[in-house]
Amino acid sequence: MFKKTLLCAAVTVVASAVSLSSAVAAEYPTKPIKMVVAFGAGGSTDTMARIFAKYAEKYIGKRIIVINKTGAGGELGWTFLSRAKPDGYTIGLINSPGVEIYPFTRAETIQYNLEDIRPLVNVVTDPGVLAVSADSPYKTLNDFVAHIKANPGKVTVSHEGVGGDDHLAALTFGKKANVDMNFVAFNGNAEATAALLGGHIDAFEGNMSEAAAQIKSGAVRALAVWAPERVSAIPDVQTGREQGMDIISAASRGIAVPAGVPDDIYQKLMETAKKVVSDEGFRAELAKLNMPVNPMYGKDYEQFMQTTHDTLKSIWDVEPWIVK
Amino acid sequence: MDYLLNAIATVFTFEALLVLFLGTLAGMIIGMLPGLSSTMGVALCIPITFNMPPELSLILLGAVYVSSVYGGSVTAILLRTPGTDASIATSLDGFPLTSSGRGAEALGIATIGSLFGGLFSTLALLAIAPLLSKVALAFGPQEYTLLALGGLITVIGVVSDIPVKGLIAAIAGLMLATIGLDNFTGAQRFLFDRPELIDGMPLLPVLIGLFSVSQAFNLCVPVAGRVLDENTKLRFSGHFPYFHDIKRCLRTMNRSSVIGTIVGILPGAGTSIAAFISYNEARRKSKNPENFGKGELEGVAASEAANNAVTGGTLIPTLTLGIPGNAVTAVFVGGLTIHGLIPGPQLFTDFADITYTLIMSLFLANILFAVLGLILSRHLVHVTRIPGALLGPMILIFSIIGTYALRNEMFDVWLAALFGVIGYFMERWRFPTAPLVIAMVLGPILEVNFRRSMQISDWDLTVFFTRPISLALVCMIVAAIAYPVWRHLKHKRALNQVNPVN
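Computed from a predicted structure; not experimentally measured.

A.B. asks: Explanation requested: the overall build of chain A in the structure shown.
C.D. replies: From N to C terminus, chain A includes 11 helices and 10 strands. Reported as C-alpha extents along the three principal axes, the dimensions of chain A are approximately 90 × 45 × 30 Å. For chain A, the residues scored as buried account for 56% of the 324 residues in total. Approximately 13500 Å² of chain A is accessible, and the part contributed by carbon and sulfur atoms is 56%. Taking the average location of the 32 positive side-chain charges in chain A and that of its 35 negative ones, the two points are 7 Å from each other.

Now the structure itself:
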């Protein structure tokens with residue numbers, strides 16, 4: 001009797017599991033979706049994620065719950081994302097170039113593979129800026145380069161941690177301009193901005209969206225934005241390219257899913273993402289935050305990440321920026 | 001002036017007052033629970049503010065912020081389980097007061113101190129914010145180095161009945177602070193293959209372990225003479241501080257509010273520095289410094305006035321320069337930007353209505369938490385009557401939940417458990433835990449700013465003496481070290497004269 005009941009139960013479980021899996025794709029989503037953000041609440045990645053979630057809920061018809069899984073410059077959150085069940089109920093934010101570079105700069109300790117994360121859509125590309133304080137005598141990038149050349153190794157430039165996009169931009173700048181600067185690490189934009197405004201450092205390398213308010217208010221002067229063309233949030237700032245310094249550097253933020261998500265679910269998420277990114281309200285909210293929208297979908301986004309990975313890996317292999 | 005009147009009109013609407021009340025109450029509860037920090041409280045509110053008008057959002061965030069800092073004092077005093085490093089100094093005298101049955105008085109003076117500090121710094125924010133924001137910029141890496149060094153020496157001095165043990169604990173804290181990714185070189189230091197440690201040894205699990213978990217063990221594990229049994233049980237006392245006690249503490253609260261506001265203005269300096277410096281100053285200026293650490297109301301007042309003064313202070317550079325003063329205000333900035341309010345000078349011009357509404361609501365939130373606190377403290381004291389065998393596990397559960405919630409990481413829970421055991425034995429062997437935690441807070445500030453100053457000056461140590469603020473700080477540190485030594489020698493000589501045989 002007991003055996004029979006057990007068998008019955010087993011059959012029921014298997015049967016319901018089978019019917020469930022076929023229903024999954026057609027009716028997805030049937031429950032709230034988790035969105036993993038690898039940075040803290042209130043930060044720029046988190047803010048973008050929450051705005052995205054707000055609009056995505058409208059199109060996908062289910063709640064999207066933002067979960068902040070912070071630590072190790074994003075690594076813990078991405079590890080969580082890469083290991084989540086690929087059923088479409090866990091999606092997450094990824095940040096370039098961090099997500100691409102950790103697998104080789106932290107090869108000994110890294111816990112995720114880039115192949116386990118499947119990119120969906122890139123939303124924001126936030127270019128780097130090089131800025132000096134408003135009372136600095138340097139008005140253009142070339143003025144500043146001349147000043148550094150005259151004082152090799154003396155000019156102090158902030159960045160927000162070795163291996164971050166602004167450090168890499170500063171390194172590239174040094175190499176292209178063939179100058180020797182004194183890089184000083186700061187913990188985040190706030191400390192670096194305070195040091196720049198207080199005259200404790202000569203220049204600041206950071207992301208446009210975080211520096212835009214200070215640039216607009218006139219407290220700091222941006223010498224160059226490292227973008228292919230001028231950025232609408234700070235239209236008066238010349239690109240590096242315009243001033244003969246062809247440097248492109250940015251922090252990008254997009255949405256990804258764990259690899260192995262069924263194709264029809266991936267497509268459904270893709271449709272939603274496209275609707276969100278082309279939504280006027282969504283774009284207006286990001287514009288208020290000085291975050292330039294730069295949509296790249298599916299294969300294009302994958303290609304972009306691959307290129308980022310390959311470019312930085314080739315630099316790393318020749319000249320690693322972290323001395324072990 | 002128009003802005004102010006408009007702001008007052010906005011604050012005194014039903015909706016705004018409701019949000020203010022709920023925010024204050026939520027903040028107090030968040031502050032009281034071990035592991036739930038102000039940063040987390042404000043961060044938890046960010047999603048709620050998404051669909052609220054900007055004025056109400058800011059009222060909510062402001063209320064949660066100021067009242068959670070106050071809420072931390074309650075558990076620090078009653079159970080010796082400070083929720084954040086901000087209220088460690090409060091527990092130094094708060095808990096001995098509770099143990100001697102004067103818990104309600106301690107809560108009362110903490111409430112009045114918090115109110116004083118909160119109102120003082122909000123007034124500074126309202127009246128002279130742009131002027132004070134220059135202080136934030138005047139502090140460079142040299143000054144931060146010395147501030148951290150001074151803070152560290154102060155903390156070791158505060159637990160000075162056994163200075164060597166304090167020093168050892170501080171050194172252990174400094175060593176823990178070296179764990180993690182080095183931002184200057186990218187080197188991974190002492191990670192033991194744990195990616196959870198890349199950002200450094202997380203502070204709150206250590207703090208919760210050393211204070212809350214170890215206290216839970218104390219309450220649960222009966223060891224002869226250490227458990228709070230029938231004889232040494234926390235007694236209940238109903239009376240508030242006497243008026244003359246409050247009057248006696250006024251000077252201290254005034255001084256602590258100034259210290260708290262100034263430290264708050266400095267981005268990244270940390271609330272605990274303000275609390276400990278104020279505590280130390282209160283002791284130094286006191287007629288009976290020997291009472292400090294054994295249950296001195298003035299010690300509680302000093303720490304609480306200072307840590308609540310930090311709240312207004314941190315908002316000064318946040319609102320005027322767009323440079324958040326600490327982790328909580330960094331989250332605040334997120335809350336502002338969601339509504340298209342980019343922190344910076346234009347907050348006081350283009351968005352003045354909203355900004356002044358926030359400032360006005362801070363005044364109200366401070367008054368509200370004080371009123372709620374004074375009403376509740378009568379009842380809250382009863383917590384100490386709960387038997388240890390019940391209270392201990394309760395603290396333990398909150399500690400586990402709080403630690404896990406920090407970043408959804410089981411690793412942190414194990415860490416808290418480990419430091420719970422370490423804290424338990426540190427206490428048994430009479431090693432003070434406060435210097436360890438504060439050294440963990442100050443270690444990174446000391447290290448990165450020293451390296452920054454050396455990097456900027458190309459290893460020229462004279463930079464510490466050639467800048468006015470830096471030189472003043474050097475003198476203060478020298479005095480802080482020399483004074484106790486001098487006093488000790490004088491004391492010894494006096495003893496020798498009285499009793500020449502020795």
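A.B. asks: It is not clear to me how the overall build of chain B should be interpreted in this structure. Could you clarify?
C.D. replies: For chain B, the helix and strand inventory stands at 19 helices and 2 strands. Relative to the globule expectation of 23 Å for 502 residues, the C-alpha radius of gyration of chain B, 22 Å, shows essentially globular dimensions. Over its C-alpha atoms, taken along the principal directions, chain B stretches across nearly 75 × 60 × 55 Å. Counting all 502 residues of chain B, 59% fall into the buried class. Excluding contacts between residues fewer than 6 apart, the proportion of contacts in chain B whose partners are at least 24 apart in sequence is 80%. Of the charged side chains in chain B, 30 are positive and 28 negative, and the gap between their average positions amounts to 13 Å.

A.B. asks: I would appreciate a short explanation of the pattern of salt bridges in the present structure.
C.D. replies: A side chain of one charge can pair with a side chain of the opposite charge if their charged atoms are brought near each other. Applying the stated criterion across every chain, the model contains 26 salt bridges over all chains. As a salt-bridge pair, Lys58 of chain A and Asp279 of chain A come within 3.3 Å of each other at their nearest N and O atoms. Here Asp279 of chain A lies in the loop between helix H9 (263–277) and helix H10 (280–288) and Lys58 of chain A lies in helix H2 (residues 44–60), a separation of 221 residues in the sequence. Residue class for Lys58 of chain A comes out exposed when judged on its relative accessible area of 54%. Residue classification places Asp279 of chain A among the buried residues on the basis of a relative accessible area of 10%. The network of salt bridges with shared partners includes Asp182, Arg189, Glu447 and Arg451 of chain B.

A.B. asks: How do you make sense of the environment of Arg255 of chain B when you look at a structure like this?
C.D. replies: Among the secondary structure elements, Arg255 of chain B is positioned in helix H10 (residues 243–265). Spatially, the C-alpha atoms of Arg255 of chain B and Ala389 of chain B are 41 Å apart, while their sequence positions differ by 134 residues.

A.B. asks: Explanation requested: the nonpolar core in the structure shown.
C.D. replies: A general feature of soluble globular proteins is that nonpolar side chains tend to end up buried together. Formed by 116 residues in total, the largest nonpolar core has its most connected members in Met35, Phe52, Val123, Ile255 and Leu286 of chain A. Considering each element in turn, this core owes the most residues, 14 residues, to helix H4 (residues 54–78) of chain B. The residues contacting Leu286 of chain A, other than those within four sequence positions of it, are Met48, Ile51, Val123, Val124, Met291 and Val293 of chain A. Formed by 64 residues, the second largest nonpolar core is a distinct cluster that contains Ala169, Ala275, Ile438 and Val441 of chain B.

A.B. asks: Quick question: what am I supposed to make of the domain arrangement of chain A here?
C.D. replies: Interfaces are often described in size by the accessible area the parts lose on coming together. Residue and element names in this part refer to chain A. When the domains of chain A are assigned, the result is domain 1 (31–125 + 251–318) and domain 2 (126–243). One C-alpha centre belongs to domain 1, the other to domain 2; they are set 27 Å apart. Residue-level contacts link 12 residues of domain 1 with 14 residues of domain 2. Summed over both partners, the interface of domain 1 with domain 2 comes to about 850 Å²; 55% of that surface belongs to carbon and sulfur atoms.

A.B. asks: Help me understand unusual backbone geometry in this model?
C.D. replies: Glycine aside, the phi torsion of most residues is negative, and most peptide linkages are trans. The omega angle of the peptide bond from Tyr28 of chain A to Pro29 of chain A is -5°, so this bond is cis rather than trans. Position of Pro29 of chain A among the secondary structure elements: in the loop between helix H1 (2–27) and strand S1 (33–37). A positive phi angle, close to 60°, is found at Arg80 of chain B, a residue other than glycine. Topologically, Arg80 of chain B is positioned in the loop between H4 and helix H5 (88–99). On the accessibility criterion, Arg80 of chain B (14% relative accessible area) is buried. Phi at Trp459 of chain B is positive, roughly 55°, even though this residue is not glycine.

A.B. asks: What exactly am I supposed to notice about the pairing of strand S5 (residues 156–159) of chain A here?
C.D. replies: For a regular strand, the rule is simple: side chains alternate between the two faces of the sheet. Residues and elements named next belong to chain A. Judged by which residues are buried, S5 turns out to be covered on both faces: Thr156 and Ser158 on one side and Val157 and His159 on the other are all buried. Here S5 runs beside strand S6 (residues 182–185); their pairing, made up of 4 bridges, is parallel. Note on S6: the bridge partner recorded for Ser158 is Val184. Two strands pair when backbone bridges link them, and S5 and strand S7 (residues 203–207) are joined in this way by 2 bridges, in the parallel orientation. Residue pairing for S7: Ser158 is matched across the bridge by Phe204.

A.B. asks: Even after reading the chapter, I still don't get the pairing of strand S9 (residues 250–258) of chain A, so can you show me in this structure?
C.D. replies: All names here are of chain A. Judged by how many residues are buried, S9 sits mostly within the fold: 8 of 9 residues are covered. In terms of strand pairing, strand S3 (residues 90–96) meets S9 through 5 bridges, oriented antiparallel. Bridging across to S9, Ser96 finds its partner in Ser252. Summarising the sheet, strand S4 (residues 117–133) and S9 pair through 9 bridges and their orientation is antiparallel. Each residue of the ladder has a partner; that of Arg118, found in S9, is Val257.

A.B. asks: For this particular structure, what's the right way to read the interface of chain A and chain B?
C.D. replies: On the side of chain B, 45 residues touch chain A, which itself brings 46 residues to the contact. Taken over both partners, the interface formed by chain A and chain B buries close to 3600 Å², and the fraction arising from carbon and sulfur atoms is 57%. For the pair chain A and chain B, the interface holds 2 salt bridges. The residue Arg452 of chain B makes a salt bridge to Glu191 of chain A at a minimum N-O spacing of 3.3 Å. Only H2, strand S2 (64–68), helix H3 (75–83), S5, S6, helix H7 (189–197) and helix H8 (208–217) of chain A provide two or more residues apiece to the side of chain A that touches chain B. The biggest single contributor to the side of chain A that touches chain B is H7 of chain A, with 5 residues. The class makeup of the residues in the side of chain A that touches chain B is 19 nonpolar, 19 polar and 8 charged.

A.B. asks: What exactly am I supposed to notice about the packing of H2 of chain A against H10 of chain A here?
C.D. replies: Between two packed helices, both the angle of their axes relative to each other and the distance between the axes serve to describe the pair. All names here are of chain A. The contact between H2 and H10 brings their axes to 10 Å, and the two run at 165°. Regarding the angle of H2 to H10, the classification is roughly antiparallel. As for how H2 packs across H10, the hand of that crossing is right-handed. In this structure, H2 uses Met48, Ile51, Phe52, Lys54 and Tyr55 to contact H10, whose residues at the interface are Gly281, Phe282, Glu285 and Leu286. Class assignment of the residues belonging to the contact of H2 with H10 gives a composition of 6 nonpolar, 1 polar and 2 charged.

About the thresholds
- Residues numbered from 1 in each chain as written.
- Chains lettered and ligands numbered in written order.
- Predicted model: local features only at pLDDT ≥ 70, side-chain atom pairs only at ≥ 80, totals over all residues.
- Heavy atoms only, no water.
- Helix = DSSP H or I, 4+ residues; strand = E, 2+ residues; numbered from the N terminus.
- Buried < 20%, exposed > 50% of the residue type's maximum accessible area, 1.4 Å probe, protein only.
- Areas by Shrake-Rupley, 256 points an atom, 1.4 Å probe, with all protein chains shown as cover.
- Lys, Arg positive; Asp, Glu negative; His and termini not counted.
- Charge placed at Lys NZ, Arg CZ, Asp CG, Glu CD.
- Rg over C-alpha atoms; globule rule 2.2 N^0.38 Å.
- Contact = heavy atoms within 4.5 Å.
- Salt bridge = Lys/Arg side-chain N within 4 Å of Asp/Glu carboxyl O.
- Core = buried A, V, L, I, M, F, W, Y, C linked by side-chain atoms within 4.5 Å.
- Domains from an automatic or database assignment.
- Buried area = accessible area lost by both parts, 1.4 Å probe.
- Pairing = 2+ DSSP bridges.
- Nonpolar A, V, L, I, M, F, W, Y, C, P; charged D, E, K, R; others polar.
- Axes fitted to C-alpha atoms, helices over the stretch in contact; angles between N-to-C directions.
- Parallel < 35°, antiparallel > 145°, perpendicular 65-115°, else oblique.
- Left-handed = near helix turned anticlockwise from the far one by under 90°.

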